[in-house]
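Single-letter residue listing:
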Amino acid sequence: MKSLSQLTDFYYKELYSDLQILEEERKRIKKRVTNIGIIYTLFVLLIAFLIYQNLSLEFLFFFGVFALVGFKWLYTYLTNDYNVDFKNKIIAPLIHEIDNNLRYSPQAHISTAEFNRSKLFSARPDRVSGNDYVQGSIDDIPIEFSDFHAQKKHKDSKGRETWETLFRGLFLISEFPKNFHAQTVVLPDSAQKIFGDLIGNWLQSNNFSQNELVKMDNPEFEKEFVVYSSDQIEARYILTPALMQKLLNYKKKSKHPLYVSFIGGKIYMAIEYNDDMFEASLFHSLLEYKIAMQYLSTLHLAVGIVEELKLNRKLWSKI
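Residues numbered from 1 in each chain as written. Predicted model: local features only at pLDDT ≥ 70, side-chain atom pairs only at ≥ 80, totals over all residues. Heavy atoms only, no water.

(A) Just the pairing of strand E5 (residues 184–188), in detail. Most of E5 sits out of view: 4 of its 5 residues are buried. Sheet analysis places E5 next to strand E7 (residues 225–229), joined by 5 bridges and oriented antiparallel. Looking across to E7, one finds that Val185 is bridged to Tyr228. Examined bridge by bridge, E5 and strand E8 (residues 258–263) share 3 bridges and lie antiparallel to one another. In the sheet register, Val186 faces E8, and the bridge partner there is Val260. (Buried < 20%, exposed > 50% of the residue type's maximum accessible area, 1.4 Å probe, protein only. Helix = DSSP H or I, 4+ residues; strand = E, 2+ residues; numbered from the N terminus. Pairing = 2+ DSSP bridges.)

(B) Main features of a nonpolar patch on the surface. A surface patch of nonpolar side chains, amounting to about 390 Å² of accessible area, comprises Phe61, Phe62, Val65 and Val69. Along the chain, the position of Val65 falls in helix H3 (residues 57–98). (Patch = residues over 30% accessible without salt bridge, like charges linked within 9 Å, V, L, I, M, F, W, Y side chains within 5 Å. Areas by Shrake-Rupley, 256 points an atom, 1.4 Å probe, with all protein chains shown as cover. Salt bridge = Lys/Arg side-chain N within 4 Å of Asp/Glu carboxyl O.)

(C) Structural detail: the nonpolar core. Core analysis: the biggest nonpolar cluster contains 65 residues, and Tyr11, Phe145, Phe221, Leu239, Phe262 and Met269 have the highest contact counts within it. The leading source of residues in this core is helix H9 (residues 289–311), at 11 residues. When near neighbours in sequence (up to four residues on either side) are disregarded, Phe145 contacts Ile110, Asp132, Tyr133, Val134, Leu170, Phe171, Leu172, Met277, Leu299, Ala302 and Val303. Of all hydrophobic cores here, the second largest spans 20 residues; its members include Phe148, Leu166, Val226 and Tyr268. (Core = buried A, V, L, I, M, F, W, Y, C linked by side-chain atoms within 4.5 Å. Contact = heavy atoms within 4.5 Å.)

(D) Layout of unusual backbone geometry. Phi angles above zero are rare outside glycine, and Lys119 is one such case at about 60°. Within the element layout of this structure, Lys119 appears in the loop between helix H4 (112–117) and strand E2 (127–138). The phi torsion at Lys255 lies on the positive side, around 60°, for a residue other than glycine. Using a relative accessible area of 71% as the deciding quantity, one classes Lys255 as exposed.

(E) Spotlight on the environment of Phe167. Examined against the element boundaries, Phe167 turns out to sit in strand E4 (residues 161–175). On the basis of relative accessible area, Phe167 is assigned to the buried category, the value being 1%. On a C-alpha basis, the gap between Phe167 and Glu272 in space is 6.9 Å, while along the polypeptide they are 105 residues apart. Setting aside residues no more than four positions away along its own chain, Phe167 makes contact with Phe115, Phe121, Phe148, His149, Ala150, Ala270, Ile271 and Glu272.

(F) Representation of the pairing of strand E9 (residues 266–272) within the structure. Within E9, 6 of the 7 residues are buried, which leaves it mostly tucked inside the rest of the structure. Of the pairings in the sheet, the one linking E4 to E9 comprises 7 bridges and is antiparallel in character. Paired with Leu172 across the two strands is Met269, which belongs to E9. Relative to E9, E8 runs antiparallel, the two being bridged by 6 bridges. Across the sheet, residue Ser261 finds its bridge partner in E9, namely Tyr268. Linking two consecutive strands that pair antiparallel, namely E8 and E9, is a turn of 2 residues; a positive phi of about 60° is found at Gly264 within it.

(G) How the structure looks around the side chain of Gln151. Here Gln151 lies in strand E3 (residues 141–155). Apart from the residues lying within four places of it in its own chain, the contact partners of Gln151 are Pro125, Asp126, Arg127, Trp163, Glu164, Thr165 and Leu166.

(H) Up close: helix H1 (residues 4–13). Among all positions of H1, only Leu7, Thr8, Phe10 and Tyr11 are buried. Buried positions in H1, seen along its axis, are confined to an arc of 160° and lie on one side of it. (Arc of directions from axis to C-beta.)

(I) Layout of the pattern of salt bridges. Going through the model one piece at a time under the given rule, you end up with 13 salt bridges. Beyond isolated ion pairs, a larger network of salt bridges with shared partners links Lys87, Asp132 and Glu279.

(J) Layout of the sheet that holds E9. Pairing in this open sheet of 9 strands is antiparallel, and the strands run E1-E2-E3-E4-E9-E8-E5-E7-E6 from one edge to the other. Unpaired on one side and paired on the other, strand E1 (103–105) and strand E6 (212–214) mark the two borders of the sheet. When the angles between neighbouring strand axes are averaged without regard to direction, this sheet yields 20°. Here helix H8 (residues 241–254) sits on the sheet in contact with E7, E8 and E9, set at roughly 145° to E8. (Axes fitted to C-alpha atoms, helices over the stretch in contact; angles between N-to-C directions.)

(K) Main features of the packing of aromatic side chains. Applying the stated criterion across every chain, the model contains 15 aromatic pairs. For the pair Phe86 and Tyr295, a centre-to-centre distance of 5.0 Å together with 50° between the ring planes defines the contact as tilted. In this pair, Phe86 is assigned in helix H3 and Tyr295 in helix H9, connecting sequence segments 209 residues apart. Using a relative accessible area of 3% as the deciding quantity, one classes Tyr295 as buried. (Phe/Tyr/Trp six-rings, centres within 6.5 Å; stacked < 30°, edge-to-face > 60°.)

That's the geometry; what it means functionally is another story.
What follows is the structure in structure tokens.
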């Protein structure tokens, strides 16, 4: 697999001519979005001013939400062609440069069945979406990942619907060379951070949506994660000291909440992000080093875990 520095060289050398063309397109789209956004905002404010005296605050609230949704749709419409060009001309070649065994499908995403199979989230989603699906293998280890957004529908006593986000971010699946039988789930340890050791441990032990709590012998790992498993012995066998440290390092690199499970011979990883991974930057230059590193670092982070797992291949053979 190519290093991050090699990918950076490829980005600025091999893709530079396409980046320059896209940069000019970005400037045109940015100006168009800004002008239309100003007109749209003034129009919405004018309508709100004309009707606010005769309508309830509740109606005005829903009018504001409708206006925001409308602008989001308008923004997507105005930037769609630019995003498509960016993904085809920049992201696709970058993924192929990492490894020519990887295939990129900008409009596809991880299946809902795989998301549910991970058991990382207790509720099943009623609505899912996503994009930027990558599938293939790194050093003969199968891998797939994508942006994924899972939502749960709720209704109040008046029948009004609201949507809760269960997860939004990067969802990754990779296979292990050898199978294992237990179901082991590693979640961010929010309870212990919020309530302290005593109450946090009690809440962890009484999480009825998960299997049995497993206490690990790595204090740093225990501060960041909580582990549940259907088999205490195999959970400790899977989560070796080396792997626990790699997961800690991986979380530090990503700088986002990390969810991990080991089920059916696979590792499932969910990394929370608020934005799509590979949406083209509109308000910052594509030639800026900081912007380039956002795309390159995310890609390298996603496939980098496979190299680390391959280094630990012997750890996964069954006794």
